[in-house]
Amino acid sequence: MSEYIVEMRHITKRFPGIVANDDISIGIRKGEIFAFLGENGAGKSTLMSMLFGMYEPDEGEILVRGEKVKLSSSNEAAALNIGMVHQHFKLVDNYTIAQNIILGIEPIKKIGGLIPYVDCKGAQEKIRELSKAYGLEVDPCQVVESVNVSIQQRVEILKMLYREAEILIFDEPTAVLTPQEIQYLLDIMVELRNKGKTIILITHKLEEIKRIADRCAILRRGKLVRVLNVAETSTQEMANLMVGREVVFEREKQPANFREVLLEVEDLTVRNEDKFDVVKNVSFSIRRGEIFAIAGVSGNGQIEIADAIAGLVKPQKGKIKLKGKDITAATIRRRTEEGMSYIPEDRQRLGVVLDFSLEDNLAIKKYYREPFSQKGILKREGFQKFAEELIEQYDIRSGQGAKTIIRSMSGGNQQKAIVAREISLESDLMIFVQPTRGLDIGAIENIQKQILRERDKGKAVLLISLELDEVMSLADTIGVIYNGQLQKISPAEELTTNEVGEYMMGVKS
Amino acid sequence: MKAKNQTTPNGLIGKMINALDDERLSQFAIPIVSIILTIIAASVLLLVLGKNPITAMNGFLRGSGFMMKPLYAGGQSMLTDFLSFLGILAPMLLAALGIIIGMKSGMFNIGMAGQMLAAGFIATVFVGYSGLNAYIAKPLVILVGITAGGLIGATIGFLKYRFNIHEVVSSIMFNYITSYIVAFFINTYYKDIITRSSRICSPASRLSITGIAWGSSKLTLPLGIILAIASVFLVKFLLDRTVIGFEMKAVGLNRDCAKYAGVNVGKSIVLAMALSGVFGGLAGVTYYVGYFNSIVPKELASLGYDSIAVALLGNISPIGAIFSSILITIFQKGSIYMSSTVGVPKEIASVITGILLLFSACGTYMRYLARRQRERLAEKAKKEGVQ
């Protein structure tokens, strides 16, 4: 037996137009937390998908517990006790947690030794035991769609444990979690390792790696840069290796230059489908040259504020004024034309049409205007030219350029495309919701710079972010939301991170 | 690019496997393979029934005017059969175009048959029974078809947008409503006592030109087919090159994003269903005022449902629909002659259409099989290379 539980030798994987993994060799020891660090599209997820049997490598071999294996489906991977928590959960929404966990390997009992049925009770018992053993609190009887993402993730983890997985792969597990939930998850991972499991963590958050990982492999553009011991390496060094150049952590922020008020929100109340007020009497205004950030824990009404301003939901009450004009009842298109850009949180559902090409998606807010069309007839040259400009300017990477179907692009590049499209509208008001969610350091830096640039150009920016660091480093004014109400609006320099945190949790008011 | 990276299997089967797995070729290869499999399956079926499959297949082609029959009645020839084939191909293709527009916009217009009937009936009553001359009557029939179909389609779209009534439910209801109302009027006012159908519409109003002598045979020139072919390119242009088409596709693929991008989703849905209905209406007038020239009460044209098969088999593309409509129409149109010569019930044609659909619905599975096979072959080749 070799010292490694998983060994990948000279793995190469190509996709049309892209070499996703280029001759990567890596060994993972039993009982360690091994992290893969890299920018979006660096090839981390592809590499692990091969270990999980979702793709087969074009070249190279995979060894599990010293034996050469051929993994051509996730079932084969599961048979080798490999489990994976995907970035986008694979759960049946209207099944209970227990049903989801046992799906595919249902324990069968027979009534009178004859009629088979699924032993739900036994399964629930086993799930309760597992959740107690690892501190993963869930109620197996709850329906998945009624629980939040953090619990859904626990279900995914339990699913692996129920299948007796020894090697657990986590693909960007913290992208959708709040800071408290992240802490909880990281603790669980350490717990799992202490119980002898091998953890593979795919992430681009340096701080998480620093906190829990033992070793870390850095990938850049499909190539393995280095494998290093986390304890002996500084965060700065890891960042540099990942991006391939020096990363400046401190952003240079010009002093603010506020001008006239651009957006006024008065007494805004938004009711959700369950007739519950998720935004309650919120009022604020944003001036040109100002970044107004709304900080808050996920699910406290901040998305609904953005949706109401953008016209996606109708407010129950209140007024929204843009440049002095009342736009409360205006159509979405009119708001766009009046000068509003919106980068939504859920980029795959709202931000893009996944089966459209990159160029169609880049033009999706302008297609009806020149130079994209004339008298109702589309001008394809216009689409292509515009797309090529944006691809060049914003470094959007894709397999086949402007004609690439956006579904086949990495999440980070999809986000770059959305940001590029929205900035290119040259709107006076820019709404950014979670603009850097799921992105790597290089891309985050880039987008944050762009946000600052827009502000310096005299635009009004509404930034909604769950990352407190991001809020603190970018905002000129901070509004803290808790339970649908703005608890506090204050110039950023008058607040400390801790104070914002206390307002966010509703501790201080 | 991908194909070049991997080892290419040789031989006919190898080529087939490659074509099935190829991004671009697969959209042609899958229907072709489906057709071949269908013919094999149908042949087995006919053999089981104790009939000669080759005669049967010839029967379909002969009945559709693609092959000479051994014997023709007076005034008939292969050309009359072929023109008659084109006459029924036209409504099939037009109806399929209606289905395609709906599907591209994310809606399933299963009410094609009802829209056809409404348009056909109104055109028959208002133009077909009038004494108008051909130059006024024919354009008027087309106009009536467009208006009637379009209005029903728009209503279904409006119900969907305004009251969130699923278009499948409302269009099936419209099928019944139309069918019974039309039957009531035919039975009360327009019945032909002998045929028990509606009275025949005037030759001037029909979308065909009858009684042209050509040698010894008398021909009926179907005008609908010109309309249908022109419509194919119109629909293709609409979907690929117009602002309206762009909006409809965006709504069809991701309604939330379309709304976010500022598309008036409601307008787009109503418009798409109206356009879908327009082609249903055109199919109706070419079918009832041009091909059959009378309406059987309480009967919905099965063509309206077959057109769904045509659209799917043609990969929901207007050009693809040309080929798939020809194919399915051969089976439908040729079935009468086939059944009389081979001696099997003509419903066998519907069975064959069904088998064809079944196979073409397995397209993704075929592609998957081809990929598996190719990978296996590539691995084998590699191993042999090593040894």
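For clarity, every value in this text was computed on a predicted model and none was experimentally measured. (Residues numbered from 1 in each chain as written. Chains lettered and ligands numbered in written order. Predicted model: local features only at pLDDT ≥ 70, side-chain atom pairs only at ≥ 80, totals over all residues. Heavy atoms only, no water.)

Draft legend 1. Up close: the overall build of chain A. When its secondary structure is counted, chain A shows 17 helices and 24 strands. Relative to a compact globule of 509 residues, whose C-alpha radius of gyration would be 23 Å, chain A shows 24 Å and is just as compact. The C-alpha extent of chain A, read off along each of the three principal axes, is 70 × 50 × 50 Å. Here chain A holds 509 residues, and the buried ones make up 54% of them. Intrachain contacts of chain A at a sequence separation of at least 6 include 66% that bridge at least 24 residues. As displayed, chain A has an accessible area near 22000 Å², and 47% of this comes from carbon and sulfur atoms. In chain A, which carries 70 positive and 75 negative side-chain charges, the distance between the mean positions of the two groups comes to 3 Å. (Helix = DSSP H or I, 4+ residues; strand = E, 2+ residues; numbered from the N terminus. Rg over C-alpha atoms; globule rule 2.2 N^0.38 Å. Buried < 20%, exposed > 50% of the residue type's maximum accessible area, 1.4 Å probe, protein only. Contact = heavy atoms within 4.5 Å. Areas by Shrake-Rupley, 256 points an atom, 1.4 Å probe, with all protein chains shown as cover. Lys, Arg positive; Asp, Glu negative; His and termini not counted. Charge placed at Lys NZ, Arg CZ, Asp CG, Glu CD.)

Draft legend 2. Looking closely at the interface of chain B and chain A. At the junction of the two partners, chain B supplies 24 residues and chain A supplies 32 residues. Where chain B abuts chain A, roughly 2400 Å² becomes buried across the two surfaces, and 63% of that area is made up of carbon and sulfur atoms. On inspection of chain B and its partner chain A, the count reaches two salt bridges. Where B:E247 meets A:R333, a salt bridge forms, and the shortest distance between an N and an O atom there is 3.8 Å. Connecting chain B to chain A are 12 residue pairs in polar contact (both at pLDDT 80 or more). Elements represented by at least two residues in the side of chain B that touches chain A include exactly α1 (2–5), α9 (224–241), α10 (243–253), α11 (255–260) and α17 (363–386) of chain B. Examining the composition of the side of chain B that touches chain A, we find that six residues originate from one element, α10(B), more than from any other. (Buried area = accessible area lost by both parts, 1.4 Å probe. Salt bridge = Lys/Arg side-chain N within 4 Å of Asp/Glu carboxyl O. Polar contact = N/O pair within 3.5 Å; in protein donor to acceptor, adjacent residues only side chain to side chain.)

Draft legend 3. Region of the structure containing the domain arrangement of chain B. All names here are of chain B. Split by domain assignment, chain B resolves into domain 1 (1–64 + 334–387) and domain 2 (78–320). Each partner contributes residues to the interface: domain 1 has eight residues there, and domain 2 has six residues. A per-residue breakdown of the area domain 1 buries against domain 2 is headed by Q27, S64 and L357, which together make up 54% of the total. Counting every contact that joins domain 1 to domain 2 gives zero salt bridges. Counting the contacts that link domain 1 with domain 2 gives zero residue pairs in polar contact (both at pLDDT 80 or more). Top contributing element to the side of domain 1 that touches domain 2 by residue count: helix α16 (residues 348–361), with three residues. Along the lines of polarity and charge, the residues of the side of domain 1 that touches domain 2 split into three nonpolar, four polar and one charged. (Domains from an automatic or database assignment. Nonpolar A, V, L, I, M, F, W, Y, C, P; charged D, E, K, R; others polar.)

Draft legend 4. Spatial organisation of helix α5 (residues 149–162) of chain A. Residue and element names in this part refer to chain A. Taking 1.5 Å per residue, 14 residues should reach 20 Å; α5 reaches 19 Å between its end C-alpha atoms and fits that length. Counting buried residues in α5 gives 12 out of 14 residues, a clear majority hidden from the surface. If you follow the buried residues of α5, they end up packed against β6 (82–85), α3 (97–102), α4 (120–134), β9 (167–171) and α6 (179–194). Its side-chain oxygen placed 3.1 Å from the backbone nitrogen of S150, N148 serves as the N-cap of α5. Positive backbone phi, approximately 55 degrees, marks E164, located one or two places after α5. (Expected span 1.5 Å × (residues − 1).)

Draft legend 5. Up close: the sheet that holds strand β11 (residues 215–220) of chain A. Residue and element names in this part refer to chain A. Here we have six strands laid out as an open sheet, ordered β6-β9-β10-β3-β11-β12, and mixed in their pairing. Each having just a single partner strand, β6 and β12 (223–229) make up the two edges of the open sheet. The sheet shows a mean angle of 20 degrees between the axes of neighbouring strands, direction not considered. Pairing of β11 with β12, which is carried by six bridges, proceeds in the antiparallel orientation. Bridge pairing links R215 to N229 in β12. (Pairing = 2+ DSSP bridges. Axes fitted to C-alpha atoms, helices over the stretch in contact; angles between N-to-C directions.)

Draft legend 6. Summary view of the sheet that holds strand β15 (residues 291–295) of chain A. Residues and elements named next belong to chain A. Read across the open sheet, the six strands follow the order β18-β21-β22-β15-β23-β24; overall the sheet is mixed. On the outer flanks of this sheet lie β18 (340–343) and β24 (485–491), each paired with one strand and no other. Adjacent strand axes in the sheet meet at a mean angle of 15 degrees, parallel and antiparallel pairs treated alike. Here five bridges tie strand β21 (residues 429–433) to strand β22 (residues 460–465), and the two strands are oriented parallel to one another. Pairing of F432 across the sheet is with L463, part of β22. Sheet contacts for helix α17 (residues 497–504): β15, β23 (477–482) and β24; angle to β23, the most-contacted strand, approximately 30 degrees.

Draft legend 7. Seen up close, the pattern of salt bridges. Residues and elements named next belong to chain A. Throughout the structure, instances matching the rule amount to 46 salt bridges over all chains. Between D214 and R193 there is a salt bridge, with the nearest N and O atoms lying 2.9 Å from each other. Of this pair, D214 sits in the loop between α7 (206–212) and β11 while R193 sits in helix α6, placing them 21 residues apart in sequence. Here R288 makes a salt bridge to E260, at a shortest N to O gap of 2.8 Å. With R288 in the loop between β14 (277–287) and β15 and E260 in the loop between α8 (235–243) and β13 (261–271), this residue pair connects regions lying 28 residues apart in the sequence. Three or more residues are tied together by salt bridges with common partners; here these are E7, R9, E61 and K68.

Draft legend 8. Broad picture of the domain arrangement of chain A. Residues and elements named next belong to chain A. By the assigned domains, chain A splits into domain 1 (4–243) and domain 2 (261–350 + 426–504). The C-alpha centroid of domain 2 is placed 34 Å from the C-alpha centroid of domain 1. With 13 residues of domain 1 at the contact, the number on the domain 2 side is 11 residues. Surface buried jointly by domain 1 and domain 2 totals about 960 Å² across both partners, of which 59% is contributed by carbon and sulfur atoms. Along the contact surface separating domain 1 from domain 2 lie zero salt bridges. Along the contact surface separating domain 1 from domain 2 lie zero residue pairs in polar contact (both at pLDDT 80 or more). Examining the composition of the side of domain 1 that touches domain 2, we find that three residues originate from one element, α8, more than from any other.

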